[in-house]
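Residue-level structural notes
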Amino acid sequence: MAKLTSSAGVVAASSLIIICCCCVLVVVHAGQPAAAAADDDGVFERTVFELVNAAIRGNATVDGDPRVGPALIRLLFHDCWVNGCDGSVLLDETPADGTRTEKTAAKSIGLAGFDLIDTIKSRLAAAASCADILAFAARDAATVLSGGRIRYAVRRGRGDSVSSSAAAADAALPGPDGNSSAFAFLEEAFAARGFDKGDLAALSGAHAVGVSHLPSFADRLPPSVAAAYQINGTYQRALVARQQTTTMEMMPAATTTMMNNVRDMDPAFRAASSYSGVGVDTSATGALDNSYYTANLQNMVLLKSDWELTQDDDTLARLVAYRDDAARWAHDFGDAMERLSSLRPPAGARLEIRDNCRFTNMSPGRAVVHALTSFLRKRYHQISCLLNSFIEGLM
């Protein structure tokens, strides 16, 4: 029996040595810049735009994915709305918060675009903060999706946060739970960040593109919601029918999505909803334009927070104005996005320029310990099973 214990000890020690070596290699590699520094603002802006444009539209070497654009715009909102524009939404884990970072918050369901931010960071290396990359990427996504109609200025100079909290994100962001979608909550949250009701109406126009995941709009599907005139009844029935179809296809609720804009649904769905596309280019699928306001004023919106905008007289008047004047909306949206991109972290917040947008920077010694601890925590079960199997084989 002593022999078996000794053998298991050798295996455990060997495994630990291998793990430690792997962790050191990972840390050393992560500290090396992926490309030469790009200090010139012109190089920075061209690089971000080229990669964002290629990701959305595609080029000779890559296929485009229109979903990337809305994802980047939403990612910026989630970042800047929680303690300012500091790249905290990009973190996978931090020493202080562990893995319960903003991207794991309940209200962050469906966040995407992280891989593209990583790609841009690898091209620009140490010269670019992750928060700056995200701010410029979202701006360029808005420009591409709007066909050049939305343009606004963004300046560099943001730092990257070393902390990120899922609880902070769930407390700050609008959502279907509790009162966080109520107009009073929205108005107060916007005012606290220097935005008025007009800005709220303008920024909500981003819902002309992208998708929502089922947990974000499940509260809109019960018949009682239509009975209370909080959603168009024919639109709701079309949503329920489509949802039942996806359920029959065994789609998990967390991955089930609907297009934010009824304009972007297929013709059969639009017909079933009795959607009126008067004044809307229904062929412009995925275009960031003022078509959201046409949908909202027909009470055909997925999110309760969108419907809430119609319950305030001043905001309702702004919705009508934006529906009727696309140029005014594009201008106001760009202006609000520029100010959103300039929200600062709290005074005294610790900032850095991250080497990797998903992790904070640390001293080499601390990084080895942190990487080893993280690796062991995630792999403990696998290692235990491996050792148990080995011991059982010897017995």
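Bear in mind that the values here come from a model prediction, so they are computed numbers and not experimental data.

As enumerated under the stated definition, the model contains 19 salt bridges in all. Of the charged contacts, one joins arginine 358 and aspartate 118 as a salt bridge, the two residues approaching to 2.6 Å between their closest N and O atoms. One end of the pair, arginine 358, is in the loop between β4 (351–352) and α17 (364–394); the other, aspartate 118, is in helix α4 (residues 114–124), and 240 residues separate them in sequence. For the salt bridge of lysine 197 with aspartate 312, the shortest nitrogen-to-oxygen distance reads 3.3 Å.

Turning our eyes to something else, we now look at the side chain of aspartate 132. As for its position among the elements, aspartate 132 is in helix α5 (residues 130–145). Judged by relative accessible area, which is 3%, aspartate 132 ranks as buried. Only 2.9 Å separates the side chain of aspartate 132 from the backbone nitrogen of glycine 157, close enough to count as a polar contact. Not counting residues within four places of it along the chain, the set of residues in contact with aspartate 132 comprises Phe44, Arg155, Arg156, Gly157 and Arg158.

A separate point is helix α2 (residues 41–57). Counted at 1.5 Å a residue, the expected span for α2 with its 17 residues is 24 Å, and the 24 Å between its end C-alpha atoms agrees. Those residues of α2 not exposed but buried are Phe44, Thr47, Val48, Leu51, Val52, Ala54, Ala55 and Ile56. Elements in contact with the buried residues of α2: α3 (68–81), α4 and α5. The opening residue of α2, the one whose side-chain oxygen lies 2.9 Å from the backbone nitrogen of glycine 42, is aspartate 40. At the C-terminal side of α2, glycine 58 shows a positive phi close to 85 degrees.

In the UniProt entry, the feature "binding site: heme b" (unreviewed entry) is given for His207. What histidine 207 contacts, discounting residues up to four positions off in sequence, is Asn260, Asn261, Tyr292, Leu303 and Asp306.

Right, let's get into the state of the cysteines. All told, the structure shown has two disulfides when counted by the stated rule. With its sulfur 2.0 Å from that of its partner, cysteine 80 forms a disulfide with cysteine 85. Note on the cysteine 80 and cysteine 85 pair: the S-S dihedral is about 115 degrees, so by sign convention the disulfide is right-handed. Across the pair, cysteine 85 and cysteine 80 agree in class, each one buried. A sulfur-sulfur separation of 2.1 Å characterises the disulfide bridge that pairs cysteine 130 with cysteine 357. A torsion of -95 degrees about the S-S bond marks the disulfide between cysteine 130 and cysteine 357 as left-handed. Of this pair, cysteine 130 sits in helix α5 while cysteine 357 sits in the loop between β4 and α17, placing them 227 residues apart in sequence.

What counts, and at which threshold
Every chain is numbered on its own, with residues counted from 1 as its sequence reads. Since the coordinates come from a predicted model, pLDDT governs what is reported: local features require at least 70, and pairs of side-chain atoms require 80 or more to be given and counted, while whole-chain, interface and lining totals use all residues. For side-chain calculations, the full set of non-hydrogen atoms in the structure is used, while hydrogens and water are omitted. The term salt bridge refers to a pairing of a side-chain nitrogen on Lys or Arg with a carboxyl oxygen on Asp or Glu at a separation within 4 Å. Put simply, DSSP marks the helices as runs of H or I at least four residues long and the strands as runs of E at least two long, and each gets a number from the N terminus on. A simple rule labels every residue: compare its accessible area, found with a 1.4 Å probe on the protein chains alone, to the largest value its type can have, and call it buried under 20%, exposed over 50%, or partly exposed in between. By the criterion applied in these results, polar contacts are pairs of N or O atoms within 3.5 Å in which, for protein atoms, one can donate a hydrogen and the other can accept it, and in which residues neighboring in sequence qualify only through two side-chain atoms. Any two residues having at least one pair of non-hydrogen atoms within 4.5 Å are treated as being in contact. In a helix, the anticipated span is given by 1.5 Å times the number of residues less one. UniProt positions are given in the numbering used here, feature names are shortened, and annotations may be inferred rather than shown by experiment. For the purposes of this analysis, a disulfide is any pair of cysteine sulfur atoms at a distance within 2.5 Å.

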